[in-house]
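Working through the structure, step by step
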Amino acid sequence: MSTPAAPRSLAEALRNRDDASLAELLRARPDLITPVPTDLTQLATRAGTRASVVRALERLDRFALQTAQALAVAADPAGYDELLGLMGGDDGDPAVATALPRALGTLREQALVWGGDDRLRLVRTARELLAPSPQHPSPTGLGPAVHEATAGMSPGRIQEIVTAVGLPKTHDSVSAVGSLTALFGDRTRMAALLAGAPEESREVLDRLVWGPPYGQVTADPAARLRWLLDRGLLLPTAPGTVVLPREVALHLRGGRAHRVTEPRPPAPEVTGTHRPQVVDATAAGQAYTALSTVEELLKDWDEGGPTVLRAGGLSVRDLKRTAVALDVSEPVAAFWVELAYAAGLLASDGEADERYAATPAHDEWLEQPAAERWARLAHAWLTATRTAGVVGGRDAKDRTLSALGPGLDRSAAPEVRHRVLTLLAGLPEGASPAAASVLKRLRWERPLRGAQQDDDLRGRLATWALSEAEMLGVTGRGALSAHGRALLGAPEPKKPTAAHAHTDEGPGDKLPVHHVPVTVEPLSPAEQITAAAVAARLLAPLLPEPLDHVLLQADLTAVAPGPLRRPLADMLGLLADVESKGGATVYRFTPGSVRRALDAGNAASDLHAFLTAHARTPVPQPLTYLIDDVARRHGHLRVGAASAYVRCDDDAMLNEILADKRAAGLRLRRLAPTVLATQADPATLLDGLRAMGFAPAAESAEGDVLITRADAHRTPPRAAPEPVPDGPPTPDATLLTAAIRAIRAGDLASTAPRKQGPSASPGSALPRTGSAETLATMQAAVLTGEALWIGYVNAEGTASQRVIAPIRVEGGYVTAYDHTADEVRTYPLHRVTGVAELADEA
């Protein structure tokens, strides 16, 4: 059985792949399928473009990238043994030898390397990006090869170096450089040459061996440098600059391309273990706190929240006010605000005086069970690209990034959050890792390159993901909870071994743990909804049951020993002010809070009945007196628009208001014995009179008392913000199948051998034949059943080539099975540029 010939190009290597291998390539590099290439040659060309290669290199793990860097400094092509020597050194490294086939397989799968093990070739663009150069030093620390460093050197100088190292002179520079390269690559002869080097010269080599390989020399070098220059161990690259040749550095390194190779990913370090029940209970407590915080935020913005900046987003002052209202820091307040926005619970109202407010979806959300409300928040967090952590930073134009403003999208955020949780899912059940070890693992999976080293965005995203997951209740005490695992779609957790028995002592000494990688593929939108429902079902039993009662105390406070049912919480929040939070919430009744309840349309009798129905303790007498006293005075004064007016049947009270010095700023004047008027607006007048100790009520133009409710302001229906994708989306199986079929068919049309007739124009891109010859060839193919190669121009003027099997020719049309499209089609003959028969081997 004959062995297939070695591929001569990347296109040929792709042509030898099966459909499953091509699918893996397109899945790993989805930019190659946008749009679908016409054939495998175009696919290979696109896979070698700079933008696509850079993107592929950025997604390699550290060892695969080190393998590509080693190939960039190896011969082209290189053998597997040469690559293994560069990665493991002359003495070999069992870990490198074990891991290298996987890394090489990754490079082959992503079309960055092609060829057999005896002729490994790095894609040309990747070699240009990774090979050492003075402008772009290689991470290997190696310099140029001897033939590159001597490219501009005079032939006489090259012969002098050859003579100095004891080699015979040659007739040309090419052979001289070849013999010098052979010497530097020979371990035995190089060891003998360096044995005679002065100690000072060896120190110079030691400083350059691991890079950078460049150094500075004067016009009259010192003796230790002159010894190295005379023997070509240092070669001049520019006036005053010398470089250590690659072959010399590899000899001094023992054949290693990298100082340190990392064939294995670092395992996260476990700092503490906890019983799963403790983890889940802690996470559930955090989940309940998250729900309470979002509810409090939206309740605070119910009547219309902060104004929208002209450039979009919250002002620094409004963010500070929100942080004070939620009793959290400003970065944490920005997280909750962005989370509510990502979940579609708040948005701008779009009015002329644009403000933020709750959306209609917020009211629907409040009616859902607590676990389902949490699942919606957690799903929004896991998939959102808007990143609250960058709030307060600067954009490319040095403008401050504000919460809810533009410029907060970081397309890598969902992938990093998913990966962080996946790493937690791979630990034993109840184990919490050290944050530094998680970052170390992520940097191995995606090494920093170039400008990324100055801005470790993935590292910051991972740090934020760990803290946000804890605040949201996805994790508890640093370990992944059961409902967090379900949200991720991860498999069942591993049971801890005896060496890692669960404790409840929290973080302690770092414990070594055998980390088994867990692969959790990102879920489709439908799968995400299912996973969120499963997570809600697991969380529901862990959340506290809402209560329908409070404990009233004689000091005008009420204690809620747990979460309250929705109607009770809403009414109590209207009738009293929250004084403190914690395991139990303390509410305080004040004249202002009682007046607020009366303004909402409640009568004193309604408030007494409410407290009697929901208090487990008798209603204290001071609270009864407070409600009756405020209700007796409520609405005695009426405020309307004049600009504003005050009317009251008791003219003595109006006289009292006019005599009060505090009313001077309102500029009141008497219009009638029972009416005062002012130029101030009704809201200002209401606030001023209430500050003076009165209890006025607003009225409409018809004289009716206006009832104000806290949930009066809502935005129009708003959709949650769409995540910004990180490049082209990963194609699904249906798209991959269709794309590969189209590429294969197009490749068949472009590579099928043709019979070169005199009228087929073999040198042209498309066959060219006359209309009579085209018709005759088509009719003959119908009788013989042969396939033909045709050129075709569609209605838009786009030309293409196809392989067809004609079935019927009539009425100026040919009906044929199109191998390119894999279906039967009908083509107008006047759009066929020409036709040619396929060769027999086709």
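Everything here concerns the structure above.
I will try to describe carefully the structure that is included in this document.

1. What about the pairing of strand β18 (residues 669–672)?
- Both β18 and strand β19 (residues 675–678) contribute to a ladder of 3 bridges, which runs antiparallel. Residue pairing across strands places arginine 669 opposite alanine 677, the latter belonging to β19.
- The loop that links β18 with its antiparallel partner β19 comprises 2 residues.

2. Some remarks on a negative patch on the surface
- Judged by side-chain charge, Glu199, Glu200, Glu203 and Asp206 come together as a negatively charged surface patch.
- Tracing the backbone shows aspartate 206 in helix α13 (residues 199–208).

3. What about the sheet that holds strand β4 (residues 235–238)?
- Read across the sheet, 3 strands follow the order β3-β5-β4 without closing on themselves; strand pairing throughout is antiparallel. The two strands at the open ends of the sheet, each matched to only one other strand, are β3 (214–216) and β4. Shown here is a sheet whose adjacent strand axes are inclined to one another by a mean of 40°, direction ignored.

4. Things to note about the pattern of salt bridges
- With the rule as written, the count across this model stands at 35 salt bridges.
- Arginine 744 serves as the salt-bridge partner of aspartate 19, at 2.9 Å between the closest nitrogen and oxygen. Of this pair, aspartate 19 sits in helix α2 (residues 19–28) while arginine 744 sits in helix α32 (residues 733–751), and the two are 725 residues apart along the sequence.
- Here arginine 744 falls in the partly exposed class, since its relative accessible area comes to 24%.

5. Thoughts on the environment of proline 525
- Looking at the secondary structure, you find proline 525 in helix α25 (residues 525–539).
- Take proline 525: its relative accessible area is 62%, and that puts it in the exposed class.
- Sequence spacing of proline 525 and threonine 383 is 142 residues, and the spatial spacing of their C-alpha atoms is 9.9 Å.

6. Quick look at the sheet that holds strand β24 (residues 823–828)
- Judged by pairing direction, the sheet is antiparallel, and its 5 strands sit side by side in the order β24-β23-β22-β21-β25 without closing on themselves. A strand with exactly one partner marks an edge of an open sheet, and here the two such strands are β24 and β25 (832–837). On average, each strand axis in the sheet is tilted by 45° relative to the strand beside it, whichever way the strands run.
- Pairing of strand β21 (residues 788–793) with β25, which is carried by 5 bridges, proceeds in the antiparallel orientation. Looking across to β25, one finds that tyrosine 792 is bridged to valine 832.
- Strands in contact with helix α33 (residues 771–784) are β21, β22 (799–810), β23 (813–818) and β25; relative to β22, the strand with the most contacts, it is inclined by about 60°.

7. Quick word on the side chain of serine 481
- In this fold, serine 481 is placed in the loop between β11 (479–480) and α24 (482–488).
- According to the relative accessible area criterion, serine 481 is buried, its value standing at 0%.
- What serine 481 contacts, discounting residues up to four positions off in sequence, is Val279, Asp280, Ala283, Gly473, Val474 and Thr475.

8. What to know about the nonpolar core
- Formed by 89 residues in total, the largest nonpolar core has its most connected members in Leu14, Leu71, Phe184, Leu233 and Leu234.
- Of the residues forming this core, the biggest block, 8 residues, is contributed by helix α5 (residues 62–73).
- Those residues in contact with leucine 234 that sit more than four places away from it in its chain are Val204, Leu208, Leu225, Leu228, Leu229, Val242, Val243, Leu244 and Pro245.

9. A few points about the packing of aromatic side chains
- Under the counting rule described, the total for this entry stands at 3 aromatic pairs.
- When the centroid spacing of 4.8 Å and the interplanar angle of 65° are considered together, the rings of tyrosine 792 and tyrosine 827 count as edge-to-face. With tyrosine 792 in strand β21 and tyrosine 827 in strand β24, the pair connects residues that are 35 residues apart, well separated along the chain.
- With a relative accessible area of 11%, tyrosine 792 lands in the buried category.
- Its guanidinium or amino end placed over the ring of tryptophan 365, arginine 373 lies 5.5 Å from that ring's centre, counting from NZ or CZ.

Cut-off values and rules
Residues numbered from 1 in each chain as written. Predicted model: local features only at pLDDT ≥ 70, side-chain atom pairs only at ≥ 80, totals over all residues. Heavy atoms only, no water. Pairing = 2+ DSSP bridges. Helix = DSSP H or I, 4+ residues; strand = E, 2+ residues; numbered from the N terminus. Patch = residues over 30% accessible without salt bridge, like charges linked within 9 Å, V, L, I, M, F, W, Y side chains within 5 Å. Areas by Shrake-Rupley, 256 points an atom, 1.4 Å probe, with all protein chains shown as cover. Salt bridge = Lys/Arg side-chain N within 4 Å of Asp/Glu carboxyl O. Lys, Arg positive; Asp, Glu negative; His and termini not counted. Charge placed at Lys NZ, Arg CZ, Asp CG, Glu CD. Axes fitted to C-alpha atoms, helices over the stretch in contact; angles between N-to-C directions. Buried < 20%, exposed > 50% of the residue type's maximum accessible area, 1.4 Å probe, protein only. Contact = heavy atoms within 4.5 Å. Core = buried A, V, L, I, M, F, W, Y, C linked by side-chain atoms within 4.5 Å. Phe/Tyr/Trp six-rings, centres within 6.5 Å; stacked < 30°, edge-to-face > 60°. Lys NZ or Arg CZ within 6 Å of the ring centre and 35° of its normal.

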